[in-house]
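Residue strings, one per chain:
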Amino acid sequence: MHKRTTLENGFEIIEIANAVAKAKIAPQGAHLYDYARRGETPLLWLSPTARFENGKAIRGGVPVCWPWFGKDRKHPERPQHGFARTAMWHLERIDEPDEGTTIVTLTLDHTQIEQPWFPYAFKATLTISVGRNLSVSLTTENRGDEAFEITEALHTYFTVGDIGNISIEGLENVTYADNLEGFKHKVSDAPITVAGEVDRVYLDTEATVVIRDDALERVVTVGKSDSRSTVVWNPWIDKAAAMADFADDGYQTMVCIETANALDNTVTIAPGASHTLTQTVS
Ligand code: TA6
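Structural notes, computed from the coordinates. Everything numeric in this text was worked out from a predicted model, so none of it was measured. (Residues numbered from 1 in each chain as written. Predicted model: local features only at pLDDT ≥ 70, side-chain atom pairs only at ≥ 80, totals over all residues. Heavy atoms only, no water.)

Focus on the environment of Thr276
Consideration 1: As for its placement among the helices and strands, Thr276 is situated in strand β22 (residues 274-281).
Consideration 2: As for Thr276 and Glu141, which are separated by 135 residues in sequence, their C-alpha atoms are 8.8 Å apart.
Consideration 3: For Thr276, the residues in contact, after removing those within four places along its chain, are Ser137, Leu138, Thr139, Ser225 and Asp226.
Consideration 4: Here the side chain of Thr276 touches Thr139 through a polar contact of 2.6 Å, side chain to side chain. (Helix = DSSP H or I, 4+ residues; strand = E, 2+ residues; numbered from the N terminus. Contact = heavy atoms within 4.5 Å. Polar contact = N/O pair within 3.5 Å; in protein donor to acceptor, adjacent residues only side chain to side chain.)

Considerations on the sheet that holds strand β1 (residues 2-6)
Consideration 1: The strand order across the open sheet built from four strands is β1-β2-β3-β4, with neighbouring strands paired in antiparallel fashion. Every interior strand has two partners, whereas the edge strands, β1 and β4 (31-37), have only one. On average, adjacent strands in this sheet sit at an angle of 15° to one another, irrespective of strand direction.
Consideration 2: Where strand β2 (residues 12-17) lies against strand β3 (residues 21-26), four bridges are found, and the strand directions are antiparallel. Paired with Glu15 across the strands is Lys24, a residue of β3. (Pairing = 2+ DSSP bridges. Axes fitted to C-alpha atoms, helices over the stretch in contact; angles between N-to-C directions.)

Here we look at the side chain of Asp178
Consideration 1: Its location among the elements puts Asp178 in strand β14 (residues 176-178).
Consideration 2: When residues no more than four places from it in sequence are discounted, the contact partners of Asp178 are Phe183, Lys184, Lys186 and Asp199.

Re the pairing of strand β19 (residues 229-234)
Consideration 1: Of all six residues that make up β19, six are buried, and the element is covered over most of its length.
Consideration 2: With burial as the criterion, each face of β19 is covered, one bearing Ser229, Val231 and Trp233 and the other bearing Thr230, Val232 and Asn234.
Consideration 3: In this structure, strand β16 (residues 198-202) lies alongside β19, joined through five bridges in antiparallel fashion. Residue pairing in the sheet places Val201 in a bridge with Val231 of β19.
Consideration 4: With five bridges joining them, β19 and strand β20 (residues 254-261) adopt antiparallel strand pairing. In the strand pairing of β20, Trp233 is matched with Cys256. (Buried < 20%, exposed > 50% of the residue type's maximum accessible area, 1.4 Å probe, protein only.)

As for the sheet that holds strand β8 (residues 122-130)
Consideration 1: What the eight strands build is an open sheet, ordered β6-β7-β8-β9-β22-β18-β17-β13; its pairing is antiparallel. Each edge of the sheet is formed by a strand with only one pairing partner; in this case those strands are β6 (90-98) and β13 (166-169). Ignoring strand direction, the axes of neighbouring strands in this sheet form an average angle of 15°.
Consideration 2: As paired strands, strand β7 (residues 101-109) and β8 are joined by eight bridges and run antiparallel to one another. Looking at β8, one finds that Leu108 is bridged to Ala124.

Next up, the structure:
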């Protein structure tokens, strides 16, 4: 089952429900912002103060950072994390191959959006598979006659029971750029625990990440393909308080594990070629 709704302010949402799970997606940004298996605590975190307004990225779920990740240091005037997450994507199709699987496909191409930053012929496709597991794929096609370079992230916000009671495994001994210290490179041989602001881009890693959530008594596995970077972020107290759409205490029940190609891990796409980044959560 799926239903399209327009909120009073004109913001569109798509609600998905099948035998095993439910989800909500905004065509703006192809933004999956709610997913839960039936009867379970939602997998994705959504700020209670998130805004559902045209032109504003929803604070939570899976923002699509594309065709660049983060701040563009060469062009500081550009929107952070690219323009895809506030663009209106086209709902291409919804397939229900079986009673427990719903596949939603949305597209954004260069003819659908006026923007001065990425002067190429492109088509981006986001495919969301809602079932017992959640899979999100972002495909970039180069439809022009010159190569272009992107960075990207599926900037996924995960719900946790208590940020002080989780450990994140899989990135031990992987070099990361610490955004809290000018992207200085560091490494640790221990699972990640969070007791303050964390903002790290782990580089040159294809590793599966596991969030061990003792409070919710669950283990969330984040697998990926064609992704060389994994971003781990928690804003902690001050940064959470500084964001109007991020509930002040929201940092206590979320962590971002982002499947990405970021910083040094850029992706060059030749004319006529395509590249697909996939995050699979179970
Ligand atoms: O992914 C981590 C990060 O780059 C942080 O530095 C922080 O800026 C976060 O993304 C959220 O960015 P946003 O533009 O969504 O507020």
